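What the coordinates show
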Amino acid sequence: AAQAANFPFCTIEPNTGRVAVPDARLDKLREMVNPKTVTPTQLEFVDIAGLVKGASKGEGLGNQFLANIRETDAIIHVLRCFEDDNITHVEGSVDPIRDAEIVETELMIADLESLEKRFDQLQKKAQAGGDKEAQVRVAVVKPIIEALKAGKPARTAAPDPKEKDAYKQYQMTSKPVLYVCNVDEASAATGNKFSDAVMKKAEAEKASAVIISAEIESEVAQLESDEEKKEFLESLGLEEAGLAKIIRAGYALLGLQTYFTAGPK
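This one's a predicted model, so the numbers in the text were calculated from it and none came from an experiment. Numbering of residues starts from 1 in every chain and runs along the sequence as written. With the structure being a predicted model, the display of local features is reserved for residues of pLDDT at least 70 and the display and counting of side-chain atom pairs for 80 or more, all residues being used for whole-chain, interface and lining totals. Only hydrogens and water are set aside when side-chain values are computed; all heavy atoms of the structure are taken into account.

**Examining the overall build of the protein chain**
Helix and strand content of the protein chain: 9 helices and 5 strands. Helix and strand definitions here come from DSSP, where helices need a minimum of 4 consecutive H or I residues and strands a minimum of 2 consecutive E residues; each element is numbered from the N-terminal end. For the protein chain, the sequential pattern of α-helices and β-strands runs β-α-β-α-β-α-α-α-β-α-β-α-α-α. Of the contacts made within the protein chain by residues no fewer than 6 positions apart, 66% connect residues no fewer than 24 positions apart. In the structure as shown, the protein chain presents an accessible area of about 16,100 Å², 50% of it carried by carbon and sulfur atoms. Any two residues having at least one pair of non-hydrogen atoms within 4.5 Å are treated as being in contact. Every accessible area reported is derived by Shrake-Rupley at a probe size of 1.4 Å, with residue values counting cover from the shown protein chains alone.

Now the structure itself:
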């Protein structure tokens, strides 16, 4: 029931939804075991308003939106990859690479400011009191600050896995990223020049990317039966809904695993 409108900042308060992770293995086990209940793994998605240039300085309620992003485990960039003169764009043109870079830049600026404020205090603790925890954090934070100053996200300066806790609590750009290319209906099965550019960007960054059509997803959501949905998707050359692709990609992005336990019928 999230509101969607043809103007910037239609979304102010985050919209949150929980979804079950589609898993054919679980369906098969259900048939074999016939349990009383089946509880699939779930992911929580938080729809946050798009950031604009200057968000790190508070533009467009940027501070509020940045706080929402800090609470997530991963970031999904939903990028406009279609042209339509009837739908406005805050930058006045369609360029998904530019849009992703605007968001990433604002997150990096906010990360850098946050880290620099803490770094001097951490360094003093590490040097004066011999605080071992502070020493670990200094060793983790210093290369991250250097990476951010060089225009690179924090995840490019990932520390030793043992120091991961000290690392993750500071930065938004340390979070894993998934790019979602929102294309027009005709490009849902094949992609287009915009999604091709995003795919190349994701590959270069060793990130994940999927192609969906929000227009198709809205139509699928209105169909009642699974059979109707399947027939509709097949008529468009699609094997499954885009939502399923996003859920699976998000599941993999977080490095999650599915565990099955046997129980009474």
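**Side note on the packing of helix α3 (residues 96-128) against helix α6 (residues 193-205)**
Relative to each other, α3 and α6 sit at 45°, their axes nearing to 9 Å. One element, α3, and the other, α6, form an angle in the oblique class. Residue-level inspection shows Pro96, Ile97, Ala100 and Glu101 of α3 in contact with α6, the latter providing Phe194, Ala197, Val198 and Lys201. By the convention adopted, Pro, Cys, Tyr, Trp, Phe, Met, Ile, Leu, Val and Ala count as nonpolar, Lys, Arg, Asp and Glu as charged, and the other residues, Gly among them, as polar. The class makeup of the residues in the contact of α3 with α6 is 6 nonpolar, no polar and 2 charged. In this analysis, axes come from line fits to C-alpha atoms, helices being fitted only over the stretch in contact, and the angle between any two N-to-C directions falls in the range 0 to 180 degrees. What sets the label is the angle itself: under 35 degrees gives roughly parallel, over 145 gives roughly antiparallel, 65 to 115 gives roughly perpendicular, and the rest give oblique.

**Details of the pattern of salt bridges**
Between Lys or Arg on one side and Asp or Glu on the other, a salt bridge is scored when a side-chain nitrogen of the former is within 4 Å of a carboxyl oxygen of the latter. This model, assessed by the stated rule, comprises 7 salt bridges. Residues Glu44 and Arg18 are paired through a salt bridge, measuring 3.7 Å at the closest nitrogen-oxygen approach. With Glu44 in strand β2 (residues 42-47) and Arg18 in strand β1 (residues 15-20), this residue pair connects regions lying 26 residues apart in the sequence. Note that Glu205 is salt-bridged to Lys201, the shortest N-O span being 2.7 Å. Separated by 4 residues within a single helix, Glu205 and Lys201 lie in helix α6, roughly one turn from each other.

**Some points on the side chain of Thr173**
Structurally, the position occupied by Thr173 is in the loop between α5 (164-168) and β4 (177-182). Side-chain polar atoms of Thr173 contact the side chain of Asp111, separated by 2.7 Å. Pairs of N or O atoms are called polar contacts if they sit within 3.5 Å, as long as, within protein, a hydrogen donor faces a hydrogen acceptor (for residues adjacent in sequence, only side-chain-to-side-chain pairs). Here the side chain of Thr173 touches Ala154 through a polar contact of 2.9 Å, landing on its backbone nitrogen. Setting aside anything within four residues of it in sequence, one finds Thr173 in contact with Glu104, Leu107, Met108, Asp111, Leu148, Pro153, Ala154 and Arg155.

**A word on the sheet that holds strand β5 (residues 208-212)**
Note on pairing: two strands pair once DSSP finds at least 2 bridges between them. A sheet is described by the order of its strands in space; here 3 strands give the open sequence β3-β4-β5, paired in parallel fashion. Single-partner strands in this sheet number two, and they are β3 (75-80) and β5. Going from strand to strand, the sheet's axes swing by 20° on average, the running direction of each strand aside. By the bridge criterion, 5 bridges tie β4 to β5 in an arrangement that is parallel. Its bridge partner being in β5, Tyr179 is matched across the sheet by Ala209.

**Things to note about a negative patch on the surface**
Residues forming no salt bridge and having over 30% relative accessible area are the ones grouped into patches, like charges within 9 Å of each other and nonpolar side chains (Val, Leu, Ile, Met, Phe, Trp, Tyr) within 5 Å. Positive residues here are Lys and Arg, negative ones are Asp and Glu, while His and the chain termini are left out of the count. By convention, charge coordinates are those of NZ in Lys, CZ in Arg, CG in Asp, or CD in Glu. On the surface, Glu224, Asp226, Glu227, Glu228, Glu231, Glu234 and Glu239 cluster together into a patch of negative charge. Here Glu227 is to be found in helix α8 (residues 226-235).

**With respect to the packing of aromatic side chains**
The aromatic pairing rule takes the rings of Phe, Tyr and Trp, using the six-membered ring of Trp, and pairs them if the centres are within 6.5 Å, calling planes under 30 degrees apart stacked, those over 60 edge-to-face and the rest tilted. For the coordinates displayed, the defined rule picks out 0 aromatic pairs. In this structure, Arg80 packs its charged tip against the face of Phe82, placed 4.6 Å from the ring centre. Put simply, a charge is over a ring when the Lys NZ or the Arg CZ is close to the ring centre, within 6 Å, and near the line of the ring normal, within 35 degrees.

**Digging into helix α9 (residues 242-253)**
Between its first and last C-alpha atoms α9 spans 16 Å; for 12 residues at 1.5 Å apiece the expected length is 16 Å, and the two agree. Within α9 the residues assigned to the buried category are Gly242, Ala244, Ile246, Ile247, Ala249, Gly250, Tyr251 and Leu253. If you follow the buried residues of α9, they end up packed against β1, β2, β3, β4, β5 and α7 (214-221). With its phi angle positive at about 70°, Gly255 sits one or two positions after the end of α9. By definition here, a helix of n residues has an expected span of 1.5 Å times n minus one. Working definition: with a 1.4 Å probe on protein chains only, accessible area under 20% of the residue-type maximum means buried, over 50% means exposed, and in between means partly exposed.

**What to know about unusual backbone geometry**
Even without being glycine, Asn34 reaches a positive phi, approximately 55°. As for its placement among the helices and strands, Asn34 is situated in the loop between α1 (24-33) and β2. The phi dihedral of Lys206 falls on the positive side, at around 60°, and the residue is not glycine. On the secondary structure map, Lys206 appears in the loop between α6 and β5.

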